[in-house]
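Inside the fold
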Amino acid sequence: MSGDQRISTSADAAMQVRDLTLDFGAARRFGTSRHFGGGRALRALDAVSIDIAPGEILGVVGESGSGKTTLGKTLLGAYRPTSGQILYGGQDLAALPPRRWGRLRRDLQMVFQDPLSSFNPRFTINSSLALPLRLHGVCAKDRIADQVASLLRRVGLGAEHGARYPHELSGGQLQRVAIARAISVDPRIIVADEAVSKLDVSVRAQVLNLLKRMNRETGVGLLFITHDLGVARFLCDRIAVMYFGRIVEIGTTDAVFGTPRHPYTLSLLRARSAAVATEADETGVQVVDPAQACNYAARCGRRIASCTTSRPDLAPDAAHAAACFVPLTERAPPLQELDALGQ
Amino acid sequence: MGAFFTNKLALVGTMITAIVLAAVVAGPWLSPYSPTDADFLALLSPPNLAHPFGTDSFGRDVLTRILYGARVSLAVSAIGVLMAALAGSAAGLVSAYRGGWTAATLMRISDLLFSFPSFVLALFLVVVFGFGTTNIAVSIALIYFPLFARLSRNMALVVKDEPWVQAAQLMGQSTFSIIGREILPNIAAPLFVQIALGVAFGIVIEAGLSFLGLGVQPPNPSLGTIMADGREYFQRAPWVLTLSGAAISIALLGLNLLSDGIRDVMDPKLRARL
Amino acid sequence: MTPLVEVHNLRTTFSIGARAVEAVRGVSFSIAPGEVFGLIGESGSGKTVTGLSLLRLLPDHAAVTADALRFRGEELIALSGEAFRALQGIELAMIFQDPVGSFNPAKTVAWHLRQAIARRRRHSPDAAGNWQDEATELLRDVGIRAPDRALSSYPHQLSGGMLQRVLIAMVVALRPSFIVADEPTTNLDNLVERQILDLIRAQQRKLGASVLFVTHDLAVAGEICDRIAVMYAGEIVEIGPAREVLEHPRHPYAEGLRQTSASLERRDEYLYELPGEPGGRAPAQGCGFLARCPKAIAACRTTHPALIDVGADHVSRCLLHER
């Protein structure tokens, strides 16, 4: 198509996140509940730094409140970061006002957790798929219907699905449509936010396979956000573990699952087995300034003095690293053995 | 659509409204009588074959006058309410999605208008701006503007946080497109219900103003002026007041049931997933 | 040993206008005293409706029938509404998936516990002691470290995990003999899920209660259940000891789930997939799993398979077992 000034060389497809911080509700609120510490802002992302290589599947794992979903949405421009940089295609997305995003919107796409509510209930699937094609001029107007049909076929659906409304399709089918919508504009990175969590178990495999196939066939990068470690281990090339707004460990899947360095990672792995996760006593931990401390210190059984007085950092381009002053070094039992422990 | 026809009351409402509309649109042409010409030979005749609704104090055919009058009442009310719906919904939508100072100001003006009882406000507006159908339509529009603004704003506030709206934002859709395609169709149903109800009540307002002599001026018919006439000689010719009053009631009934029907059709569709 | 709960040919039908949907199509099983019985299935399998049918928690447009529905040998179907309500909450209890809905948002945790304790004491008066002490003891027992603070809290002030613990405390306060737990850990984080599962198992053993544990998660069921029944399209397709059903399933559906799970563990390039989607309408004749079955034969279209013995205390509903 003429006028396509999108960046297409693979080297520019990488994204670099540096010290990304996001505070919700920065203004002091009247009568805040105690959960937010009475008036303090909620720090959803706390100086997050990470690199996303072109075409890789990067898993972001953590529990609710870890900030993993917020990270995904912030990278796509849904939230304006309080500070930090998102470097992509020679620009800092964090500083780019929404109206200047333009073509970048094509490069970065999202698949949501609940497939049903990610589609306007008043329009057919065909209509919802045609919209991005028209909006971004992906193909000629008279070819749009063909393109939509082709997209549906690519994700394993047929023309009959296209004529239906979202509530007439199942969760698995809708999620396929969501993937079709994402790839329709030929993106560089797709953020999948708990894309299979709401799907039936027997359907998850279909969608996971589809995502993997898209990645292998088109080279599109995938930021896969999930709390399900088994799924992350199958799908992802690298894993980033998040805890309360911070990345606490980063490395290849084999490295993180085989030899976890951060104590929180180990406790997550252990939670999958019947072995009871050991927790340290929460009382008696004095933290003067949370910004200058490890945020896992209160629960950590390996805590030393430094953990409460300085914040361990993490080099974003490290092959395998943990934000920890006393990282684990011994090899953890593999997941299968952990499962066997419970039986 | 199937659901619409299983709801008996809605069906009744639709039929009544359809009959009323048909009568109002076609009736005046079919009637051999003029609504304004007097016939001094047939003053105050009770209902008979020649005059199914009787005649009034000028010998005019009451049925014909009611049909013409209903036409006026419906038209004035419908135009007023539609103006309110368009302007109010637009204001509410923009205020919900964009926020900001203009939105806040719009809502405050809307609240101010809303704080007056409708008929009092209508009286005030007509006294200030003058009599006549145009001004009544504008008054009705001003009365209903706050309702539509509040309603559309409240619903839009909920819808704008839905994931498909966020998906549209991330896809780079324009604000206009998001409001018009992603939000508006999903809040339309209650708005249509309000329009039907608004037209119903608007008829009452118009009739009321005309009854007081502040609306349609004689000899032109309006349901209100007919009722005013009929009230004067109610003892001698009760049919005029009764039948014109009944005409209003029937129209109101039809519109109310129709609005119930609209609500029932649109709601269960959203609850279709068990 | 007489089973605590016996279900024979349970059928539950929902009527919406002119349409009727049969959510549960002839389910039979029994639960021994002190046993944790798992009911596994996906959307449309009927697992949740089965649990709700047993406890009469379905709305009016649901029709529940069964050849027999016995609790401690007594026919439940025959019981009047009032008699059943006397059992509900005392002998028969339920833990819901979303704890939030089980609480009155305008009342404190203390109020809720007090209601539960008072209810039990009305039914079986025991040695006194005030309810606050018992409430505190219960909360401590479910792993809440600051019971006093929890007691004076309102439901919205507690996290999902905490609320589920409080809910379990409330159920334990009633000392029921039979608990239906419907996806109690689905909404919880991994670490919290682990703790809640351990907690349920510990309390169940302490009470000696039987549990009908409804879930879609095979792994979770494997940890906590003694026996497992797998449901598909409103029917039970396999029942057996938990270990057996998980490791050596015989029904093609359960076998398919296991294969997917295994290929996930092995990190195959692509996962084993069962084709199609769960939750469709069950066919009028033939096997309900036909549309997705990789092993279907011609006879599956017309013959409805019965449950067939495939091992010790292990049955499966598939025509292939006959060959």
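Here the structure is a predicted model, which means the values were calculated and not measured. (Residues numbered from 1 in each chain as written. Chains lettered and ligands numbered in written order. Predicted model: local features only at pLDDT ≥ 70, side-chain atom pairs only at ≥ 80, totals over all residues. Heavy atoms only, no water.)

Within chain B, the regular secondary structure consists of 10 helices and 0 strands. In chain B, the order of α-helices and β-strands from amino to carboxyl end is α-α-α-α-α-α-α-α-α-α. Across its three principal axes, chain B shows a C-alpha extent of roughly 75 × 45 × 30 Å. Out of the 274 residues belonging to chain B, those deemed buried represent 49%. Within chain B, contacts between residues separated by at least 24 positions form 72% of all contacts whose residues are at least 6 apart in sequence. Approximately 13,300 Å² of chain B is accessible, and the part contributed by carbon and sulfur atoms is 71%. With 16 positive and 14 negative side-chain charges, chain B shows a spacing of 10 Å between the two charge centroids. (Helix = DSSP H or I, 4+ residues; strand = E, 2+ residues; numbered from the N terminus. Buried < 20%, exposed > 50% of the residue type's maximum accessible area, 1.4 Å probe, protein only. Contact = heavy atoms within 4.5 Å. Areas by Shrake-Rupley, 256 points an atom, 1.4 Å probe, with all protein chains shown as cover. Lys, Arg positive; Asp, Glu negative; His and termini not counted. Charge placed at Lys NZ, Arg CZ, Asp CG, Glu CD.)

Close reading of the predicted structure is inappropriate where its pLDDT is low. All names here are of chain B. Per-residue confidence for chain B gives a mean pLDDT of 85; residues scoring 70 or more make up 95%. Of all helices and strands in chain B, the one with the weakest mean pLDDT is helix α1 (residues 2-6) (58), whereas helix α7 (residues 163-170) scores best (95). Confidence over residues 270-274 falls short of pLDDT 50; this stretch has 3 contacts with residues more than four positions distant or in other chains. Reported confidences for the modelled complex are a pTM of 0.86 and an ipTM of 0.88. (pLDDT = per-residue confidence, 0-100.)

In this section: the pattern of salt bridges. Applying the stated rule across the entire model yields 38 salt bridges over all chains. Two residues, Arg266 of chain C and Asp268 of chain C, come together in a salt bridge whose shortest N-O distance is 2.9 Å. Salt bridges here are not isolated pairs; linked through shared partners, they connect Asp23, Arg43, Asp46, Arg246 and Arg311 of chain A. (Salt bridge = Lys/Arg side-chain N within 4 Å of Asp/Glu carboxyl O.)

Moving on, we come to helix α6 (residues 160-174) of chain C. Residue and element names in this part refer to chain C. Along its 15 residues, α6 runs 22 Å from first to last C-alpha, staying within 8% of the 21 Å computed at 1.5 Å per residue. Of all the 15 residues making up α6, 13 are buried; the element is thus mostly covered by neighbouring parts of the structure. A positive phi of about 50 degrees marks Arg175, the residue just after α6. (Expected span 1.5 Å × (residues − 1).)

This part covers the interface of chain C and chain A. Facing the 32 residues of chain C at the interface are 43 residues of chain A. In total, chain C and chain A occlude about 3,100 Å² of area from one another, counting both sides; carbon and sulfur atoms represent 43% of this. Three residues, Leu191, Glu265 and Arg267 of chain C, lead the burial of chain C against chain A; their summed loss comes to 21% of the area buried on that side. In this assembly, chain C and chain A are joined by 3 salt bridges. In this structure, the connection of chain C to chain A is made through 19 residue pairs in polar contact (both at pLDDT 80 or more). Secondary-structure elements contributing two or more residues to the side of chain C that touches chain A are α7 (190-207), α9 (242-247) and α10 (252-266) of chain C. Among the elements that take part in the side of chain C that touches chain A, α7 of chain C stands out by supplying 5 residues, more than any other. Taken together, the residues that form the side of chain C that touches chain A break down as 9 nonpolar, 7 polar and 16 charged. (Buried area = accessible area lost by both parts, 1.4 Å probe. Polar contact = N/O pair within 3.5 Å; in protein donor to acceptor, adjacent residues only side chain to side chain. Nonpolar A, V, L, I, M, F, W, Y, C, P; charged D, E, K, R; others polar.)

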